[in-house]
Amino acid sequence: MAHGPTVTVSQSEMLLANYSKDEVRKVIFAITGNKAPGPDGYGSYFYQEKWTIIGDEVAEAICSFLKTGQLLKEINSIVITLVPKTKCPNTLVMTCIRTPRFSLMINGSLHGYFEAKRGLRQGDPMSPLIFVLGMEYLTRIMQKVGQKSDFAYHNRCKELKLNHLMFADDVLLFCNGDYKSICYLLQGLKLFSQTSGLQPNASKSAIFSSGMSSNEVQRILEVSGLGRVRYRSIT
């Protein structure tokens, strides 16, 4: 952690401050009126329109959850999720992720509930934030790989000390074409996968090589588990 970006004292104090009812109100009113309906059919517009009547109770319930980490299953289907201002937010975040329930509507009637087994709901505002945090962890792993004395960068990336790039869920890893450097990158990727549960899709992954013998390339393919290789003459 010490090798990556950290929050300042003022940022820490802001993150640890208690939420206010006004903050909750601003978040609710920032949601498009027809978004985030729960099984009861009430969307954000209902809470905005009736805020003068129910606002205090809604804000109190949300602030209570953010303070105690206790969340009723009935509430989680319509809860407004905020990034917790707490020293250890992982419990609150995972409570939001693990406890939602879903119901099926058939011919206008709701039928039962079932629990989600993994991941976030589609469109969840927490999804981009959690993804960025996960990719930050991958970046720090690759930075540690680059600090190894016998790791060799790609000859066009030495000055920048660059061994990876990311865009959305696409990742590029690159280094010199020696076996040890490549294995270091693969070990870092494996560590990230074991920790996060995110696995590379072998059918959508490929190795690009240049100036390497076919025996070296085959050796890398066997270690990586990838089945595709593409040769490039540009170095």
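Everything discussed here concerns the structure shown above.
Residues numbered from 1 in each chain as written. Predicted model: local features only at pLDDT ≥ 70, side-chain atom pairs only at ≥ 80, totals over all residues. Heavy atoms only, no water.

1. Some remarks on the overall build of the protein chain
Stated precisely, the cut-off is as follows: Here a strand is any run of E in DSSP of at least two residues, a helix any run of H or I of at least four, and the numbering for each starts at the N terminus. The classification of residues rests on relative accessible area computed with a 1.4 Å probe and restricted to protein chains. Under 20% of the type maximum is buried, over 50% is exposed, and intermediate values are partly exposed. Throughout, a residue-residue contact means that at least one pair of heavy atoms, one from each residue, lies within 4.5 Å. Each accessible area is a Shrake-Rupley estimate made with a 1.4 Å probe; only the visible protein chains count as cover when residues are assessed.
Within the protein chain one finds nine helices and six strands. The buried share of the protein chain, taken over its 235 residues, is 28%. Of all intrachain contacts in the protein chain linking residues separated by at least 6 positions in sequence, the fraction that spans at least 24 positions is 49%. Element-wise, carbon and sulfur atoms account for 56% of the exposed surface of the protein chain, whose accessible area totals about 16,300 Å².

2. A word on the environment of Gly-69
Mapped onto the fold, Gly-69 is located in the loop between α4 (51–68) and α5 (73–76). Put simply, Gly-69 and Thr-95 are 26 residues apart on the chain and 7.5 Å apart in space, counted from C-alpha to C-alpha.

3. Considerations on the pairing of strand β4 (residues 170–173)
Which entries qualify depends on this criterion: Pairing between strands is defined by DSSP: at least two bridges between the two strands are required.
Relative to β4, strand β3 (residues 164–167) runs antiparallel, the two being bridged by four bridges. Paired with Met-166 across the two strands is Val-171, which belongs to β4. Here β3 folds back onto β4 in antiparallel fashion, the turn holding two residues, of which Ala-168 has a positive phi close to 55°.

4. Observations regarding the nonpolar core
Among soluble globular proteins, nonpolar side chains are generally buried collectively. Here is the rule we go by: Here the nonpolar core consists of buried residues drawn from Ala, Val, Leu, Ile, Met, Phe, Trp, Tyr and Cys, with membership extended through side-chain atoms lying within 4.5 Å.
By size, the foremost hydrophobic cluster in this structure holds 18 residues, and its most contacted members are Val-145, Phe-151 and Leu-185. Contributing elements (two or more residues each) for this core: α7 (126–146), α8 (179–196) and α9 (214–224). In terms of residue count, α7 provides more of this core than any other element does, five residues in total. In this structure, Val-24, Ile-28, Trp-51 and Leu-71 belong to the second largest nonpolar core, which totals 13 residues.

5. Brief notes about the packing of α8 against α9
Inclusion rule: With axes taken as lines fitted to C-alpha atoms, and helix axes fitted only over the stretch in contact, angles between N-to-C directions fall between 0 and 180 degrees. The labels follow the angle: roughly parallel below 35 degrees, roughly antiparallel above 145, roughly perpendicular from 65 to 115, and oblique for the rest. Note: crossing handedness is left-handed where the near helix turns anticlockwise from the far helix by less than a right angle, and right-handed where it turns clockwise.
For the pair α8 and α9, the least separation of the axes is 11 Å and the interaxial angle reads 20°. Classified by the angle between their axes, α8 and α9 sit roughly parallel to one another. In the packing of α8 onto α9, the handedness of the crossing is right-handed. Counting all contacts with α8, which are made through Tyr-179, Ile-182, Cys-183 and Leu-186, the residues of α9 involved are Arg-219, Ile-220, Val-223 and Ser-224.

6. Description of the pattern of salt bridges
Where we set the bar: Each salt bridge in this description consists of a side-chain nitrogen of Lys or Arg and a carboxyl oxygen of Asp or Glu lying within 4 Å of one another.
Tallied over the entire structure, the rule returns four salt bridges. Arg-25 is paired through a salt bridge with Asp-22; the nearest N and O atoms lie 3.4 Å apart. Of this pair, Arg-25 and Asp-22 are both found in helix α2 (residues 21–30), three residues apart, which corresponds to roughly one turn of the helix. Given the relative accessible area of 37%, Asp-22 is considered partly exposed. It is possible to trace a salt-bridge network through shared partners that takes in Asp-22, Arg-25 and Lys-26.

7. Some details on the environment of Lys-148
Turning to its location among the elements, Lys-148 is positioned in the loop between α7 and β3. Residues Lys-148 and Ser-181 lie 33 residues apart in sequence; the distance between their C-alpha atoms is 9.3 Å.

8. Considering α8
For clarity, the threshold we go by: One less than the number of residues in a helix, times 1.5 Å, gives the span that helix is expected to have.
Here α8 spans 26 Å end to end across 18 residues, near enough to the 26 Å set by a 1.5 Å rise per residue. Every buried residue of α8 is listed here: Ser-181, Ile-182, Cys-183, Tyr-184, Leu-185, Gly-188, Phe-192 and Ser-193. Downstream of α8 by one or two residues, Gly-197 has phi in the positive range, about 85°.

9. Comments concerning the packing of α2 against α4
Angle between the axes and distance between the axes are the two parameters that describe a pair of packed helices. Remark: α2 packs on α4, axes separated minimally by 9 Å, with the N-to-C direction vectors making an angle of 110°. Classified by the angle their axes make, α2 and α4 are roughly perpendicular. Our pair here, α2 against α4, has a crossing hand that is right-handed. Residues Lys-21, Val-24, Arg-25, Ile-28 and Phe-29 of α2 form the contact with α4, whose own contacting residues are Trp-51, Asp-56, Val-58, Ala-59, Ile-62 and Cys-63.

10. Brief notes about unusual backbone geometry
The backbone of Lys-161 sits at a positive phi, close to 50°, despite the residue not being glycine. Assignment of secondary structure puts Lys-161 in the loop between α7 and β3. Look at Lys-161 and you get exposed, because its relative accessible area is 61%.

11. Let's talk about the side chain of Ser-193
With respect to the helices and strands, the residue Ser-193 is situated in helix α8. A relative accessible area of 5% means that Ser-193 is categorised as buried. Beyond its immediate chain neighbours, meaning those up to four positions away, Ser-193 contacts Leu-198, Gln-199 and Pro-200.

That's the geometry; what it means functionally is another story.
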